[in-house]
Amino acid sequence: MKFTYHNPTAIEFGEGKIYSITKYIDKSKRILVVYGGGSIKGNGVYDQVDGALEEYTWFEFSGVEPNPSIETMNKAIQIIKEKKIDFVLAVGGGSVIDGCKYLVSAALYDGDGWDLVDGTQQVKKAIDLGVILTLPATGSESNGGSVMTKKKTKEKRAFMSPHLYPKFAVLDPLTMITLDDRQLANGLVDAFVHTCEQYITYPNTSLVNDGYAETLLKGLVALADSWDRRSETVWQENLMWLANQALNGLIGAGVPQDWATHMIGHELTAFYGIDHARTLAIVQPQLLRVMQKEKAEKIALMGQNVFGIANDSEAVIVEIENIFKKVGISTNLNDYEIDNKVIANVTNGLKEKNMSTLGEKGEITLKKVTEILTKTIKNL
Ligand code: NZQ
Ligand code: ZN
């Protein structure tokens, strides 16, 4: 085992915690509050931010779209420069947070911000960022990753840097009261697949990672099983903490990771606008079927320790599909708005990004991706 684990984001978890942001932001800071399409005005979050920032100088930027684009965020760079902003507060879900991670790094980069996203340049510095999370799903509130879209070329790419960790993240489950079933289901599925991407690979020697990943998986399965109680605070706060833990770097530290489901899924979102979590529900079960032999030992371990299934890979994959079905998400690509270029679009998109060999051992080739997608279309 050999790894560096450093997660510097302070977590403020629980009801009423939005006011705690004042502990982390110096009064001298000039703040830009960034949010999305306005959901924060319907659940009291905006008013609480307004109250907490009473003694601060602050400005706002709204309209960050789901699957945030550099085209939108570049407009906020202008405000940062004009108003001499030195602290950005992201208030929203993964899209607002990711958009702000781009913003805080691109604003200090002397060139086209997309260079940081496509890896031409590494992020070397960033403006301080804080987060108020309103949609548990991505884990972006306390990790160093961001996924940005360039609308012009229909590209969606992930980039990472230690400079992108927020200074703090407020996780108040009461912010979730306005979430609809679609977003709650998306959050549960995204967290589930994040855990799987760092678990269903090949055996490792750590006694920590698998055990904790299985705890998270069991928690998420329990939430899917109690889907009819999703409006209860106890259900929602558990989703909030589970989704955070699934992608804050801990369960992935020092162990092999896959991420092929995500890379294929990002292409589906880039071309067809399918919600991120839904792309994962489409791809993951068929990817596991195609890679069943290579992943046999971990699928068996998951069967035994999460579902109580002995030595039956197909039964484990069916259980995973059942989780997605229980929360109302279709695993059939035909149920989404696609066209007959879907396989070519996804494989070409991956190829252009030098992602022709995916997975923990680089064994998921474009031929395998074609096989996986063909199955998702025939999965009737
Ligand atoms: O824009 P507003 O009005 O806030 O509405 C949003 C949006 O329409 C709404 N919403 C958020 N909180 C709400 C709410 N509606 C009512 N009540 C609330 N409390 O939900 C809609 C979707 O929001 P979005 O932020 O797009 O969802 P999510 O958190 O699932 O983020 C998805 C994005 O994160 C990326 C995805 O690719 C996608 O672009 N990811 C980021 C990762 C990371 N940074 O680590 C990892 C993930 O695998 C993922 O790729
Ligand atoms: Zn995800």
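Everything discussed here concerns the structure shown above.
The shown structure was predicted, so the numbers you read here are calculated from the model rather than taken from an experiment.

Definitions and cut-offs
- Residues numbered from 1 in each chain as written.
- Chains lettered and ligands numbered in written order.
- Predicted model: local features only at pLDDT ≥ 70, side-chain atom pairs only at ≥ 80, totals over all residues.
- Heavy atoms only, no water.
- Salt bridge = Lys/Arg side-chain N within 4 Å of Asp/Glu carboxyl O.
- Helix = DSSP H or I, 4+ residues; strand = E, 2+ residues; numbered from the N terminus.
- Buried < 20%, exposed > 50% of the residue type's maximum accessible area, 1.4 Å probe, protein only.
- Donors = N, O, S within 2.8 Å, 3.2 Å for Na, K, Ca; no water.

Draft legend 1. A look at the pattern of salt bridges. By the definition in use, this model includes 16 salt bridges. A salt bridge links E321 to R289, with the nearest nitrogen and oxygen atoms 3.0 Å apart. Of this pair, E321 sits in helix α11 (residues 313–326) while R289 sits in helix α9 (residues 276–290), placing them 32 residues apart in sequence. No difference in accessibility class separates E321 from R289, as the two residues are buried. With a shortest N-O distance of 3.0 Å, K295 and E360 are connected by a salt bridge. One end of the pair, K295, is in the loop between α9 and α10 (296–307); the other, E360, is in the loop between β9 (357–358) and β10 (364–365), and 65 residues separate them in sequence. Overall, K295 belongs to the buried group, its relative accessible area being 1%. Taking relative accessible area as the criterion, E360 reaches 18% and is therefore assigned buried. Connected through shared salt-bridge partners, E12, K17 and K23 make up one network.

Draft legend 2. Focus on the coordination of the zinc ion (ligand 2). Each protein donor to the zinc ion (ligand 2) is listed here as D190 (OD), H194 (NE2), H262 (NE2) and H276 (NE2); together their distances run 2.0 to 2.1 Å. Each donor residue of the zinc ion (ligand 2) belongs to the same chain, and together they define the spacing D-x3-H-x67-H-x13-H. Of the two residues, D190 and H194 both sit in helix α5 (residues 181–197), 4 residues apart, roughly one turn of that helix. For the residue pair D190 and H194, the accessibility class agrees, reading buried in each case.

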